[in-house]
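Letter by letter, the chains look like this.
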Amino acid sequence: MPATRDTKIITRYFGDDTQKQIAVAEKRGAYAAVAKTLGRPPAEIQEQLKVSNLRGRGGAGFYTGAKWGFVPKDAKTTYLVINADESEPGTCKDRELIYWDPHLLIEGIIDTAYAMSCHHAYIYIRGEMMREYLVLKQAVADAYARGYLGKNVAGTGYQLEVTVHRGAGAYICGEETGLLSSLEGKRGWPRLKPPFPAIVGLFGQPTIINNPETIMNVPAIVDKGGAWFAALGMGKSGGTRLLCVSGHVNKPGVYELPMGISFRELIFDVCGGVPGGKRVKGVIPGGVSMPPLDESELDVPCEFDALQTDKRIKECEVSPGVKFDMGGGRTLRTMAGSGGVVVMDQDTDMPRALARISRFFAHESCGQCTPCREGSGWLARVATRIAEEGGRPGDVDLLTSIAHGIAGNSICALGDAAAWAALGFVTKFRSEFEAKVEAAQRRGATTPAEPPAASAAGAASAGGGGH
Amino acid sequence: MPVHLSEAARKKLDAVISRYPTPMAATLPALHIAQADLGPLTPEVQQAVADYLKVPVAHIYGVVTFYTMFHQRKVGKNVLMVCTNISCMLRGAYEIMAYLEKQLGVKRGETTADGMFTLVEEECLAACANAPMAICGPEYFLDLTPEKVDQMLADLRARPRSEHVDFERGGIASAAGVSDTVREGDH
């Protein structure tokens with residue numbers, strides 16, 4: 001049966017400050033199924049996950065069951081890593097999940113680790129989340145004390161260690177291989193894939209990396225079955241979805257909603273509309289890495305496949321009429337990403353919004369590979385000068401040309417994200433960018449030419465390879 | 001002058017190292033511990049950490065300079081991190097930042113003369129539904145207005161919030177006490 005707006009799988013205890021106490025959590029049934037689950041064959045749990053159509057909630061939307069299946073069957077040491085380095089702008093769900101219901105996360109870790117025969121799980125939590133770190137440390141300590149973690153989990157003889165590891169301030173550590181580098185004590189530099197972490201991951205061993213929201217769905221799937229979870233969702237995406245709505249809405253918040261709710265219903269019904277009764281100009285559907293939607297695209301469902309394929313969403317362009325090629329002829333509409341929905345009303349200055357987003361990516365580029373390190377900085381500089389009405393003729397095309405040069409040419413997806421945001425904003429709101437440049441021309445206020453940016457962008461525009 | 005980690009810090013670090021297959025993996029926790037124990041991560045402190053973990057000091061330096069929460073210079077008692085990213089910007093974060101700069105008499109990135117505040121412009125701090133917002137230590141300051149900023153500054157002057165959260169010393173008690181800063185009833 002499809003989920004309704006009342007279906008709550010992972011946010012049932014939001015607002016209940018007592019659920020972080022293990023005795024209270026136990027009373028509601030947390031950990032009650034652990035002993036039974038650990039009596040089932042791991043393969044059976046993996047099968048339920050495959051059936052469930054649970055897809056990764058961190059951003060990529062990859063099938064969780066399939067990911068688990070990539071771990072070699074004969075692996076001696078495997079690791080489970082929880083990516084709680086939430087830092088995609090517009091996304092604020094994992095922080096709340098950990099704060100309100102840390103024991104559901106730990107239970108999900110136990111089930112997952114058991115299913116993949118892993119004996120050590122690391123939770124990588126963002127350094128800035130000091131409060132959630134303390135909540136999680138306490139919850140893990142309590143779970144050890146009650147025998148749900150350690151040498152003999154729930155009396156079953158299964159051993160599981162859980163270590164909470166704090167980051168120290170770097171967006172790139174949310175990228176799964178950057179996170180592994182960081183967890184190994186190094187700079188958070190992403191690694192080339194393949195090999196994928198499921199084959200060569202943490203400390204060189206097969207590793208599964210999952211988002212907290214993903215993992216917190218696991219106990220319900222194990223309990224009620226994969227078919228139940230799949231039926232809650234839409235198409236090939238099972239379950240509910242946490243959407244973090246921010247920006248210009250009357251009731252911003254983190255909401256657990258049916259998979260595939262339309263953006264119109266989300267904004268005008270769930271979130272009470274736009275302040276002042278204004279119209280929506282644009283919506284970032286899943287964190288700033290994802291190209292925005294415009295007002296004409298609000299009826300599309302917020303679901304992984306729909307956002308990539310729905311014909312109502314305009315494809316991103318490199319220049320008017322020239323579609324951006326992600327490689328192999330695949331075009332880019334947008335993606336569901338991390339669930340961070342940012343709503344921008346009719347008065348929003350879109351060039352200024354893109355300039356801020358581009359400065360973010362330039363700041364967070366890890367500096368390892370050239371297209372992203374240099375390109376993200378160029379994007380930020382050009383976007384900023386356009387926004388501040390200091391742009392030169394041709395700057396809008398320069399912006400998309402730089403983006404085209406980065407996309408597909410960097411080690412990890414940060415470069416793509418910086419490029420996609422620029423391509424998306426310019427495709428959807430091009431006239432605003434051009435108006436800013438024209439305004440600069442009228443005032444004679446263009447900034448002096450920057451030869452390195454201009455010439456190098458031309459040289460780098462050969463890009464477009466896929467992943 | 002070589003410096004050394006205190007007995008308590010070494011004990012804490014030993015427990016952390018035991019959780020990883022290699023001592024190098026404890027680099028981030030070690031630097032968090034060292035920063036809480038010895039203050040800014042000067043070359044001497046970096047050497048002490050390198051010696052303890054038996055890794056090259058160049059490795060430690062590379063890590064220190066990569067992450068924004070590791071400081072090589074002294075910071076204020078309150079490291080006040082203010083988000084200006086898109087969700088907060090749409091709701092007036094730059095106006096809040098300008099107001100903070102005026103009230104504190106420093107620019108972002110600087111520390112007040114009395115050593116009470118370091119003002120940091122941060123990227124998204126994952127509280128987008130309560131924009132604009134700031135974090136200081138384990139405490140969130142949400143839905144900021146100029147009036148709330150004044151209250152926040154007075155509060156932080158009276159009771160600075162350390163960025164060195166210490167689980168072993170019962171940090172959880174103070175952290176749990178601020179739970180009302182997350183808005184309820186939205187869900």
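Residues numbered from 1 in each chain as written. Chains lettered and ligands numbered in written order. Predicted model: local features only at pLDDT ≥ 70, side-chain atom pairs only at ≥ 80, totals over all residues. Heavy atoms only, no water.

### Observations regarding the overall build of chain B
Phase 1: In terms of regular secondary structure, chain B is built from eight helices and four strands.
Phase 2: Seen in sequence order, chain B has helices and strands lined up from the N terminus as α-α-α-α-β-α-α-β-β-β-α-α.
Phase 3: In chain B, buried positions account for 55% of the 187 residues.
Phase 4: Within chain B, counting contacts between residues at least 6 apart in sequence, those at least 24 apart form 63% of the total.
Phase 5: Carbon and sulfur atoms form 55% of the exposed surface of chain B, whose accessible area is close to 8200 Å². (Helix = DSSP H or I, 4+ residues; strand = E, 2+ residues; numbered from the N terminus. Buried < 20%, exposed > 50% of the residue type's maximum accessible area, 1.4 Å probe, protein only. Contact = heavy atoms within 4.5 Å. Areas by Shrake-Rupley, 256 points an atom, 1.4 Å probe, with all protein chains shown as cover.)

### A few points about a nonpolar patch on the surface
Residues and elements named next belong to chain A.
Phase 1: A grouping of Phe62, Phe70, Phe196, Ile199 and Val200 is seen on the molecular surface, where their side chains present a nonpolar patch of about 460 Å² in accessible area.
Phase 2: Note that Phe62 resides in the loop between α3 (42-52) and α4 (64-69).
Phase 3: Relative accessible area serves as the criterion here: at 40%, Phe62 is assigned to the partly exposed category. (Patch = residues over 30% accessible without salt bridge, like charges linked within 9 Å, V, L, I, M, F, W, Y side chains within 5 Å. Salt bridge = Lys/Arg side-chain N within 4 Å of Asp/Glu carboxyl O.)

### Section: the state of the cysteines
Residue and element names in this part refer to chain A.
Phase 1: This model, assessed by the stated rule, comprises zero disulfides over all chains.
Phase 2: Of the cysteine sulfurs around Cys244, a residue in no disulfide, the closest is that of Cys92, at 4.3 Å.
Phase 3: In this model Cys316 remains outside any disulfide bridge; the closest cysteine sulfur is found in Cys302, 16 Å from its own.
Phase 4: Judged by relative accessible area, Cys316 falls into the buried class, the value being 1%. (Disulfide = S-S within 2.5 Å.)

### A look at the interface of chain B and chain A
Phase 1: Taken together, the contact pairs 56 residues of chain B with 75 residues of chain A.
Phase 2: Interface area for chain B against chain A, summed over the two sides, is near 5300 Å², with a carbon-plus-sulfur share of 62%.
Phase 3: Taken together, chain B and chain A are joined by two salt bridges.
Phase 4: We note a salt bridge from Glu123(B) to Arg356(A), for which the minimum N-O separation is 2.9 Å.
Phase 5: Summed over the shared surface of chain B and chain A, the result is 26 residue pairs in polar contact (both at pLDDT 80 or more).
Phase 6: When residues of the side of chain B that touches chain A are traced back to their parent elements, those giving at least two are α2 (27-38), α4 (57-66), α5 (86-89), β2 (117-122) and α8 (171-176) of chain B.
Phase 7: Of the residues assigned to the side of chain B that touches chain A, the class counts are 32 nonpolar, 14 polar and ten charged. (Buried area = accessible area lost by both parts, 1.4 Å probe. Polar contact = N/O pair within 3.5 Å; in protein donor to acceptor, adjacent residues only side chain to side chain. Nonpolar A, V, L, I, M, F, W, Y, C, P; charged D, E, K, R; others polar.)

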